[in-house]
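As a plain string of letters, each chain reads:
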Amino acid sequence: MLRWVAAAMVVFNGFFPAVWILFTSLKTEAELVQKPITWWPANPMLDNYVRAFTDQPLLTYLKNSLLVATGATVLSLLVAACAAYAIARLNLKRRELILTCIVASSMFPLVTLLVPIFETMRALGWLNTYIALILPYVVLNLPVCTLVLVSFFQSIPRDLENAAMIDGCTRLQALWLVVVPLAAPGVFTAGILAFVNAWDEFLLALSLNSSPAVRTLPVGIALYQGEFTFPWPIISAALIVAIVPVAILIALFQERVVGGLTQGGLKG
């Protein structure tokens, strides 16, 4: 019984904010501030969604976020797979120290890295470009992606790679043709984590890209508020639009992600 209560509390804690945002997006501003509070909107309306797309170029922000998050995810997985394979398979000296350094590198607050990243991108002339966000996101995602993939690569028998190399594969071909497909749950898990981190990131997106043409969704949503007004129903509608792609992605790969997290926890 206690287990079911705990599970219900976790589900409620995870879903309630999203449900409340959905209900808010269907209300008028007058209904939102009335007392007593109404949970379900009296007259659900979609006007807030229309205004979310007309008050700001939401489609442009959505496209920019998709490009940046997808690019960062692909590059993160490519680099992390090579790094994880080297740690899991090669006879590296001080392997545990390398893993410790990877974990430690993920603990730096992003705000402490903001100025160096900004100065680097300005020196390279990459401000207000997609690459200005993709490269830092790759660096920030690498520790998590590498650690996830290391535990999966270690669980794959070496004999499979050796057989592939006997048949003529190089070590790199054995990685991409044998190891990565067998570690698919881990690859999907690392990919989802990298995508969500890049999709939700706000500080770097705000600091490195000020041009509306390359502005991402989190920064764009912050622009709906005025100097003295906060149109919460419209902001909530924009938030629902931002949540939908991630929700679809997780729904499509739910089994692989859950399996990857479970297996990674058991094998790590």
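Remember, it's a predicted structure, so these values are computed and weren't measured experimentally. (Residues numbered from 1 in each chain as written. Predicted model: local features only at pLDDT ≥ 70, side-chain atom pairs only at ≥ 80, totals over all residues. Heavy atoms only, no water.)

Q: Explanation requested: helix H10 (residues 184–200) in the structure shown.
A: For an α-helix, 3.6 residues make a turn, and residues three or four places apart therefore share a direction. Under the 1.5 Å per step criterion, the end-to-end length of H10 is 24 Å for 17 residues, consistent within 8% with the ideal 24 Å. By the burial criterion, the buried members of H10 are Ala184, Pro185, Gly186, Thr189, Ala190, Gly191, Ile192, Ala194, Phe195, Ala198 and Trp199. (Helix = DSSP H or I, 4+ residues; strand = E, 2+ residues; numbered from the N terminus. Expected span 1.5 Å × (residues − 1). Buried < 20%, exposed > 50% of the residue type's maximum accessible area, 1.4 Å probe, protein only.)

Q: How do you make sense of the layout of surface pockets when you look at a structure like this?
A: Over the atoms rolls a probe the size of a water molecule, and in doing so it shows where empty space is left. Quantified by volume, the largest pocket comes out at close to 570 Å³. Around the largest pocket, the lining comprises 18 residues; the ones closest to its centre are Ala18, Ala242, Ile243, Val246 and Ala247. Among the secondary structure elements, those contributing two or more residues to the lining of the largest pocket are helix H1 (2–25), H10, helix H12 (217–222) and helix H13 (232–252). A per-element tally of the lining of the largest pocket places H13 first, with 7 residues. Estimates place the volume of the second largest pocket at around 310 Å³. Together, 18 residues line the second largest pocket, and Leu113, Pro136, Val139, Leu140 and Asn141 are the ones closest to its centre. A class-by-class count of the residues in the lining of the second largest pocket yields 13 nonpolar, 4 polar and 1 charged. (1 Å grid on protein atoms, 1.4 Å probe; cavity = no way out; pocket = protein on both sides within 12 Å on 5 of 7 lines; lining within 4 Å. Points joined across faces, edges and corners; volume = space filled by probe spheres on them. Nonpolar A, V, L, I, M, F, W, Y, C, P; charged D, E, K, R; others polar.)

Q: Would you explain the packing of aromatic side chains in this entry?
A: In this description, an aromatic ring pair is defined by two values, namely the gap between the centres and the angle between the planes. Using the criterion set out here, one finds 6 aromatic pairs in the structure. The interplanar angle of 80 degrees and the centroid separation of 5.0 Å between the aromatic rings of Phe23 and Trp40 together place this pair among those described as edge-to-face. One end of the pair, Phe23, is in helix H1; the other, Trp40, is in the loop between helix H2 (29–33) and helix H3 (47–55), and 17 residues separate them in sequence. According to the relative accessible area criterion, Trp40 is exposed, its value standing at 54%. Consider the rings of Phe230 and Trp232, whose centres lie 5.6 Å apart with planes at 15 degrees: the pair is stacked. We classify Phe230 as partly exposed; its relative accessible area is 40%. Trp232 sits in the partly exposed class, given a relative accessible area of 45%. (Phe/Tyr/Trp six-rings, centres within 6.5 Å; stacked < 30°, edge-to-face > 60°.)

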